[in-house]
Amino acid sequence: MHVIKTVSELKQCLTAFKNISFVPTMGNLHAGHMALFEEAYKKSEGVVFSIFINRIQFNDSNDFINYPRTLANDVSLIKKKFPSAIIFHPEENELYFNHSPKEFALGKVVEDLCGRSRPGHFQGVATIIDIFLAMINPKYLFLGKKDYQQLCVIENFCKIYYPHVTVIPIRTIRDANNLALSSRNNLLKDKTKAANLYKILLQASQAIKSLSDIQQQTKLAKEQLVKENWQIDYVEVRTQKKLTHPKDNDKELIILAAVYCEKIRLIDNIEFCIE
Ligand code: PAF
């Protein structure tokens, strides 16, 4: 297994492979990441996992400071499960240096949902993905569906800027209580309570599936979240493909939410279809 810190070493190492799968992460690895890694190996022999906490996608500096950092554990976990992996763990100046900030055309979707309360977040994500894709030149890019809006934004971004890269979405992995796995969960004291987010979204999605009114169900979901003493950022229903507001004939929908539970920002979503 290689742990690489510099771009020149990385480029050297990648010459051995025809096709590369790339899995970007911010570390603090869990079973959700492992699912991404496993799928990445199904597609190519050369698999790069980046571990890099991308400062420029954090609109709140405390969130950046408190983000869990567990590099030694992450590396030993990968070593056990994926001994041939290439781990790219660069210093900030290795990546940001030489890159003047660009403004990417990310469309209106970045002003909605998480983009409303996290201005600049998706430009920050697109910037680091741009830097990585230019360096690694992967054939496949793996992203989790838990960050569904990020997935949509980066899919669009790749269509425009990296059309030769195929984005592969991977299902959300959940714990025994159905709490979506996330590095931020390690900051929670009560994970069982946090799992109520999924239960509330599931109830709402099932009711909407049975043709109950979307507005009414999202309002009900919000009332239940307030009862949990959580601060709500949003609970919304959108179309799966473009995250637009659903029209009467849209059948493939998704309910998405962001809440602050014990001051920790949690996001989750459930895709569903109206029969
Ligand atoms: O989803 C994440 O962990 C990050 O947004 C990503 C894609 C690794 C970019 O920093």
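Each remark here, short or long, concerns the structure printed above.
Residues numbered from 1 in each chain as written. Predicted model: local features only at pLDDT ≥ 70, side-chain atom pairs only at ≥ 80, totals over all residues. Heavy atoms only, no water.

**Considerations on the site of the ligand**
The local shell around the ligand consists of P24, T25, M26, N54, Q57, I128, D147 and Q150. Interatomic distance of 2.7 Å between a side-chain N/O atom of Q57 and an oxygen atom of the ligand. Separating an oxygen atom of the ligand from a side-chain N or O atom of Q150 is a distance of 2.7 Å. Across the complex, the protein chains shield 89% of the 290 Å² of accessible surface that the ligand would expose by itself. Taking a 2 Å distance to the grid points as the criterion, the majority of the atoms of the ligand fall inside the largest cavity. Classifying every residue of the shell around the ligand gives three nonpolar, four polar and one charged. (Near = heavy atom within 4 Å. Polar contact = N/O pair within 3.5 Å; in protein donor to acceptor, adjacent residues only side chain to side chain. Areas by Shrake-Rupley, 256 points an atom, 1.4 Å probe, with all protein chains shown as cover. 1 Å grid on protein atoms, 1.4 Å probe; cavity = no way out; pocket = protein on both sides within 12 Å on 5 of 7 lines; lining within 4 Å. Sits in = over half its atoms within 2 Å of the grid points. Nonpolar A, V, L, I, M, F, W, Y, C, P; charged D, E, K, R; others polar.)

**Considerations on the sheet that holds strand β8 (residues 252–261)**
If you walk across this open sheet you meet the three strands as β7-β8-β9, and the pairing is antiparallel. If you trace the sheet from one side to the other, it starts and ends with β7 (231–239) and β9 (264–273), each paired once. Neighbour-to-neighbour, the strand axes of this sheet turn through a mean angle of 10 degrees, independent of strand direction. Sheet analysis places β7 next to β8, joined by eight bridges and oriented antiparallel. Across the sheet, residue T239 finds its bridge partner in β8, namely L253. Its contacts with the sheet place helix α11 (residues 214–227) against β7 and β8, and it is angled at close to 155 degrees to β7. (Pairing = 2+ DSSP bridges. Helix = DSSP H or I, 4+ residues; strand = E, 2+ residues; numbered from the N terminus. Axes fitted to C-alpha atoms, helices over the stretch in contact; angles between N-to-C directions. Contact = heavy atoms within 4.5 Å.)

**Details of the packing of helix α10 (residues 196–209) against α11**
It is the contact of α10 with α11, at a shortest axis distance of 9 Å, that shows an interaxial angle of 160 degrees. By the angle between their axes, α10 is roughly antiparallel relative to α11. Every pair of crossing elements has a handedness; the one defined by α10 and α11 is right-handed. Contact with α10, carried on its side by L197, I200, Q203, A204, A207 and I208, involves I214, Q217, A221, Q224 and L225 of α11 and no other residues of that element. A breakdown of the residues in the contact of α10 with α11 according to their chemical character gives eight nonpolar, three polar and no charged. (Parallel < 35°, antiparallel > 145°, perpendicular 65-115°, else oblique. Left-handed = near helix turned anticlockwise from the far one by under 90°.)

**Some points on the pattern of salt bridges**
All chains considered together, the criterion is met by 18 salt bridges. A salt bridge links K145 to E271; the shortest N-O distance between them is 3.1 Å. Residue K145 is found in the loop between β5 (140–144) and α8 (148–161), and its partner E271 is found in strand β9; the two are separated by 126 residues along the sequence. Residue classification places K145 among the partly exposed positions, given a relative accessible area of 21%. The exposure class of E271 is partly exposed, given its relative accessible area of 32%. Between R238 and E236 there is a salt bridge, with the nearest N and O atoms lying 3.3 Å from each other. The exposure class of R238 is buried, given its relative accessible area of 1%. In the salt-bridge network here, residues are joined through shared partners; they are D112, R116, E236 and R238. (Salt bridge = Lys/Arg side-chain N within 4 Å of Asp/Glu carboxyl O. Buried < 20%, exposed > 50% of the residue type's maximum accessible area, 1.4 Å probe, protein only.)

Bear in mind that shape data such as this cannot, by itself, settle questions of function.
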